Structure formats: structure tokens, C-alpha cells
Amino acid sequence: MKTIDKNNHTEQNQEEKELDTIQEFLTFEVDKEIFGIDILYIHEILKPVPITRIPNVEGFILGVINLRGEIIPIMDLKELFGLGFCDILPSTRIIVVVTGEKRAGLLVDSVKQVVKIRKDKVSQADEDLSVNYSELIESVSQFEESLILNLNLSKVMDYAGEEA
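Residues numbered from 1 in each chain as written. Predicted model: local features only at pLDDT ≥ 70, side-chain atom pairs only at ≥ 80, totals over all residues. Heavy atoms only, no water.

As recorded in an unreviewed UniProt entry, the chain goes by the name Chemotaxis protein CheW, listed as coming from Leptospira haakeii.

This is the structure in C-alpha cells:
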């Protein structure tokens with residue numbers, strides 16, 4: 001005869017409820033600011049690779065790379081935000097993101113960590129956010145003592161689609 005462990009079942013329900021209230025973000029740095037992208041949109045993280053330049057595109061489009069047979073545009077987030085160009089250093093990374101059928105690489109100063117944030121600690125960004133890149137910020141999260149600016153990936157991808 002099979003017995004049911006009520007305590008184990010209760011713990012499982014509690015874990016499921018906690019997962020519903022938590023959102024995970026990959027955090028990274030651009031010009032000493034901490035940004036985040038919902039982990040569900042991250043395809044992979046690459047060390048810098050040779051980028052093929054494309055003539056007559058916006059400055060924030062560095063060019064394209066061939067990632068296992070797929071051509072992917074690479075954007076310099078620092079330049080997109082109007083903060084100058086990202087220097088290629090040992091900590092520099094390309095975050096390959098995916099939304100729907102679109103893929104793009106985002107050049108960032110460094111990748112930090114994946115953080116779990118309770119959804120009640122994520123606030124929608126104000127329209128009058130006083131930074132140059134306000135339309136590119138979807139929400140702001142509080143993690144420990146810092147604030148994370150979460151990218152509106154569909155807006156960022158619109159920039160990649162228009163130019164590449």
C-alpha cells in the first residue's frame with residue numbers, strides 16, 4: 001500500500017509558488033551601470049570573436065559574426081546608449097540573445113551573475129527615466145544593495161533589425 005507524505009507534497013507546492021514569484025536575470029555591466037536581461041532570452045555568452053564590418057550602418061552595429069552557420073548582428077550597447085564605444089578587454093563579452101526568430105549579440109563590458117529577484121522587487125520603468133536610453137529600459141530591479149536596469153529586449157532587437 002502506498003502512503004502519501006503530506007509534508008513532502010506541501011514542500012513541493014511551496015517551491016512551485018516561490019518559482020512563480022521569482023524572475024531570473026543575467027546581469028552585466030556597461031559603463032559601470034548594472035543591467036539585466038531575463039534569463040529566458042539568453043542563448044549563450046561568448047568571448048569576443050572577429051566581427052565582420054558592414055558598411056553604411058549605425059555606429060552601434062559593429063558588424064556580424066558567423067555563429068555555427070548563422071549570421072548574427074553584433075551591437076555595442078555602450079554606443080547604443082550614447083556612452084562611447086566599448087573597449088575590448090579580457091572581461092568583455094558578447095551576450096547572444098533570442099526573441100522569437102531574431103538573434104543578436106550584445107557587446108558588454110563584463111558579465112556579472114545570474115540573480116533571482118522576487119517579482120515584487122521589479123518595478124516598471126517610468127517614461128521620464130532621466131537617462132539617454134530610457135526607452136530601452138523595461139524595468140528596474142532591486143537586488144541586495146544595488147539597482148538593476150532591465151533591458152526591453154524587443155526594443156533593443158528592433159534596433160538590430162533596422163540596421164543589420
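Further notes follow.
Caption draft 1: Expanded view of the pattern of salt bridges. One pass over the full model with this rule turns up 6 salt bridges. D158 is the partner of K102 in a salt bridge, and the nearest nitrogen-oxygen pair spans 3.7 Å. Taken together, the residues span a long stretch of sequence, with K102 in strand 7 (residues 102-108) and D158 in helix 3 (residues 153-163) at a distance of 56 residues. Under the relative-accessibility criterion, K102 is labelled partly exposed at 38%. Since its relative accessible area comes to 36%, D158 is described here as partly exposed. (Salt bridge = Lys/Arg side-chain N within 4 Å of Asp/Glu carboxyl O. Helix = DSSP H or I, 4+ residues; strand = E, 2+ residues; numbered from the N terminus. Buried < 20%, exposed > 50% of the residue type's maximum accessible area, 1.4 Å probe, protein only.)

Caption draft 2: The sheet that holds strand 1 (residues 22-30), seen in detail. Judged by pairing direction, the sheet is mixed, and its 6 strands sit side by side in the order 8-1-2-11-10-9 without closing on themselves. Each having just a single partner strand, strand 8 (110-118) and strand 9 (122-124) make up the two edges of the open sheet. Sheet twist, expressed as the average angle between the axes of neighbouring strands with direction ignored, equals 35°. (Pairing = 2+ DSSP bridges. Axes fitted to C-alpha atoms, helices over the stretch in contact; angles between N-to-C directions.)

Caption draft 3: Structural context of the pairing of strand 1. Where strand 1 meets strand 8, 7 bridges bridge the pair, whose relative direction is antiparallel. In the sheet register, E29 faces strand 8, and the bridge partner there is S110. In terms of strand pairing, strand 1 meets strand 2 (residues 33-38) through 6 bridges, oriented antiparallel. Looking at the pairing, F28 lines up with F35 of strand 2. The antiparallel hairpin formed by strand 1 and strand 2 contains 2 residues in its connecting segment, where D31 sits at a positive phi of about 50°.

Caption draft 4: Region of the structure containing the sheet that holds strand 6 (residues 93-99). Read from one edge to the other, the open sheet built from 5 strands follows the order 3-6-7-5-4, with strand pairing classed as mixed. Each edge of the sheet is formed by a strand with only one pairing partner; in this case those strands are strand 3 (42-46) and strand 4 (61-67). Each adjacent strand pair in this sheet contributes to an overall mean axis angle of 25°, direction not counted. With 3 bridges joining them, strand 5 (residues 70-76) and strand 7 adopt parallel strand pairing.

Caption draft 5: Here's a closer look at the side chain of T92. Within the fold, T92 resides in the loop between helix 2 (77-80) and strand 6. Taking relative accessible area as the criterion, T92 reaches 0% and is therefore assigned buried. Among the polar contacts listed, one links the side chain of T92 to the backbone nitrogen of L89, at a separation of 2.8 Å. Apart from the residues lying within four places of it in its own chain, the contact partners of T92 are P48, C86, D87, L107, V108 and D109. (Polar contact = N/O pair within 3.5 Å; in protein donor to acceptor, adjacent residues only side chain to side chain. Contact = heavy atoms within 4.5 Å.)

Caption draft 6: Representation of the environment of D109. Mapping D109 onto the fold places it in the loop between strand 7 and strand 8. Along the chain, D109 and S91 lie 18 residues apart, while their C-alpha atoms are 6.5 Å from each other. In this structure D109 touches E29, V30, D31, K32, K78, C86, S91 and T92, once residues within four positions along its chain are discounted.

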